[in-house]
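Structural overview for review
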Amino acid sequence: MSDLLSAFLHLLLLFKLVAPVTFRHHRYDDLVRTIYKVHNQCPYITQIYSIGRSVKGRHLYVLEFSDYPGIHEPLEPEVKYVGNMHGDEVLGRELLLQLSEFLCEEFQNQNQRIMRLIQETRIHILPSMNPDGYEAAATQGPNMPEYLVGRNNANKVDLNRNFPDLNTYFYYNEKHGGPNHHLPLPNNWESQVEPETKAVIHWMRSFNFVLSANLHGGAVVANYPYDKSPGHRFRNPHRTTNSPTPDDKLFRKLAKVYSYAHGWMHQGWNCGDYFPDGITNGASWYSLSKGKESPGHCSRSLCSVEEIIGVEEQQRDWAGDCYPLGDITLCSQLFLQVHQGIKGMVLDENHHNLTGAVISVHGINHDVTAGERGDYFRLLLPGTYTVTATAPGFDPQTENVIVHPGRPTLVNFYLKRSIAPVNPLRKAPGGGQGGRMQAQLRITKKKDGARKQPHRGPG
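Residues numbered from 1 in each chain as written. Predicted model: local features only at pLDDT ≥ 70, side-chain atom pairs only at ≥ 80, totals over all residues. Heavy atoms only, no water.

1. Describing the nonpolar core
This is how the line gets drawn: Residues enter a nonpolar core if they are buried and are Ala, Val, Leu, Ile, Met, Phe, Trp, Tyr or Cys, with the set joined through side-chain atoms within 4.5 Å. For the exposure calls, accessible area comes from a 1.4 Å probe over protein chains only, and a residue counts as buried if that area is under 20% of its type's maximum, exposed if over 50%, partly exposed in between. The way it works is that DSSP assigns letters per residue, a run of H or I at least four long becomes a helix, a run of E at least two long becomes a strand, and they are numbered from the N terminus. In this analysis, two residues are considered to be in contact whenever any of their non-hydrogen atoms come within 4.5 Å of each other.
Core analysis: the biggest nonpolar cluster contains 44 residues, and I35, F65 and Y81 have the highest contact counts within it. Per-element tally for this core: the top contributor is helix α2 (residues 28–41), with 6 residues. In contact with I35, not counting residues within four places along its chain, are I48, Y61, L63, L97 and P127. In terms of nonpolar packing, the next biggest core, distinct from the first, is built from 22 residues, L60, M129, W189 and W203 among them.

If you want it as structure tokens, here you go:
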């Protein structure tokens, strides 16, 4: 825990140096103006794109930070932050706008940590997943009795109960055998979800995100997967079920990095609940079905931490949350966690990318998939691991890897194409000529669907 304590002490030393921040709420038009202001101030390290529209036609804008905006650089991991999934939980939305301004300003001020972060990481920030809900809550005003107005989208659907339930498939496969990652979505999933949910799922499938965080309002705690228990009992203070993922130790560490970087989350007491170290397994707190975490952990390389931020005075939360978000702790520390474990390229004998190759770690039942450029990322805690790369039509390759704290270990795989054995002709009993024994190799290729070009610009 010494690294976490060191980060926290560093935060206290730097707190006096933080620039004053203007606190106010941003309606949709203000939000759009703010992210375009950031882009205009830092045009060479940002781009704005829309992943889709809300029920009422508002764009779901994402602000990207990178030294090469709009381009995936091989071996550079992609991370994302999502805010305002529930329209009445406004703090995450405001914190992400403040974070965006801070990253731009600190890059311009040549803050070496922020410059290195942006140069080595591609960061995507979606300040509001539910702009319609926010507007409904903002129109109501702070003194109205209906405090849940705006939580849902314009169709009155809770977006955090609207994602395909991949947990059920994963639990089944874990017990009976089957894929442990990149699980296929149901054929008719698009007709069963809201426009905002559909946009986010397509977004998650278009980028090989490695690390994600989703900011809510409520208890002050870092919530990590799984959110749904195998038995799926609704919240009961006397009967809770811990539902760990195969990467439970990793998730607990990620959550602790977040909670100890925060000003007081790690203390554990808030909103009548106690969370040791300020973290909780989602299902251990209460079981949630069809939440955003479900397609997150069960697909591609993604690891996600969901922070439930307390709805408190905004300036106090910027001191506890967003200041570390901006500098070396919360956002930077959480984002920097993407630079641990192993990463590398999966190539064939001619150095061609093997898109979709699977990376397996012995003893951890959760694989990851190489992206379109052949690069992969596997977050791991320090230790020694046996890692195998496989691809249809190629011989697997296994390497023993030592993962050190800090920088990731580079492990490239060069797979050789499988050669089907040639069996000699065998005579049938009785001297007659028998049939030829032929080894058959079935190669399954995944067809990549056409990707929509993201919309840019307001409209």
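2. With respect to helix α3 (residues 91–108)
Going by this rule: A helix is expected to span 1.5 Å multiplied by its residue count minus one.
The end-to-end C-alpha distance of α3, which contains 18 residues, comes to 26 Å, matching closely the 26 Å that a straight helix rising 1.5 Å per residue would cover. Counted residue by residue, α3 has 14 buried out of 18 residues, so it is predominantly covered. Directly after α3, the chain includes Q110, whose backbone phi takes a positive value near 60°.

3. Focus on the sheet that holds strand β13 (residues 364–369)
Counted only if it meets this: Pairing between strands is defined by DSSP: at least two bridges between the two strands are required. All axes are obtained by fitting lines to C-alpha atoms, using only the stretch in contact for helices, and the reported angles, taken between N-to-C directions, cover 0 to 180 degrees.
Taking strand neighbours across the sheet as the criterion, the 4 strands line up as β13-β12-β15-β16 in an open arrangement whose pairing is antiparallel. Of all strands in the sheet, those bounded by a partner on one side alone are β13 and β16 (397–403). Here the strands of the sheet are splayed against their neighbours by 25° on average, with no regard to which way each runs.

4. Some thoughts on the side chain of T280
Mapped onto the fold, T280 is located in strand β9 (residues 279–281). For T280, a relative accessible area of 8% puts it in the buried group. Leave out the neighbours within four places in its chain, and T280 touches V221, A222, N223, Y224, F275 and W285.

5. Points about the environment of S206
Quick reminder of the rule: Pairs of N or O atoms are called polar contacts if they sit within 3.5 Å, as long as, within protein, a hydrogen donor faces a hydrogen acceptor (for residues adjacent in sequence, only side-chain-to-side-chain pairs).
Along the chain, the position of S206 falls in helix α7 (residues 195–206). Separated by 165 residues in the primary sequence, S206 and G371 place their C-alpha atoms 9.9 Å from one another. From its side chain, S206 meets the backbone oxygen of H202 in a polar contact 2.7 Å long.

6. Section: the state of the cysteines
Selection criterion: To count as a disulfide, a pair of cysteine sulfur atoms needs to be within 2.5 Å.
If you walk through the whole model with that rule in mind, you get 1 disulfide. The side chain of C42 participates in a disulfide bridge whose partner is C104; the two sulfur atoms lie 1.9 Å from each other. The S-S bond linking C42 to C104 shows a torsion near 90°; that makes this disulfide right-handed. Of this pair, C42 sits in the loop between α2 and β1 (46–53) while C104 sits in helix α3, placing them 62 residues apart in sequence.

7. Points about the packing of α2 against α3
Here is the rule: The labels follow the angle: roughly parallel below 35 degrees, roughly antiparallel above 145, roughly perpendicular from 65 to 115, and oblique for the rest. Crossing chirality is assigned from the near helix's rotation relative to the far helix, an anticlockwise turn below a right angle marking it left-handed and a clockwise turn marking it right-handed. Three classes are used, and their members are as follows: Ala, Val, Leu, Ile, Met, Phe, Trp, Tyr, Cys and Pro are nonpolar, Asp, Glu, Lys and Arg are charged, and the others, Gly among them, are polar.
Where α2 contacts α3, the axes come no closer than 9 Å and their chain directions differ by 15°. One finds that α2 runs roughly parallel with respect to α3. In the crossing of α2 with α3, the sense of the turn from one axis to the other is left-handed. Packed against α2, whose contacting residues are Y28, L31, T34, I35, V38 and Q41, the element α3 presents R93, L97, S100, E101, C104 and Q108 at the interface. When its residues are assigned to classes, the contact of α2 with α3 shows 6 nonpolar, 4 polar and 2 charged.

8. Details of the pairing of strand β2 (residues 59–65)
Counting buried residues in β2 gives 7 out of 7 residues, a clear majority hidden from the surface. Side chains H59, Y61, L63 and F65 of β2 all project onto a buried face; the interleaved residues L60, V62 and E64 project onto the opposite face, where all are buried too. With 6 bridges joining them, β1 and β2 adopt antiparallel strand pairing. Directly across from R53, in β2, lies its bridge partner H59. Here β1 hands over to β2 after 5 residues, with G57 in that stretch at a positive phi of 90°. The pairing of β2 with strand β4 (residues 122–126) spans 3 bridges and is antiparallel. Bridge assignment links F65 to a residue of β4, and that residue is I123.

No statement about biological role is implied by the geometric values presented.
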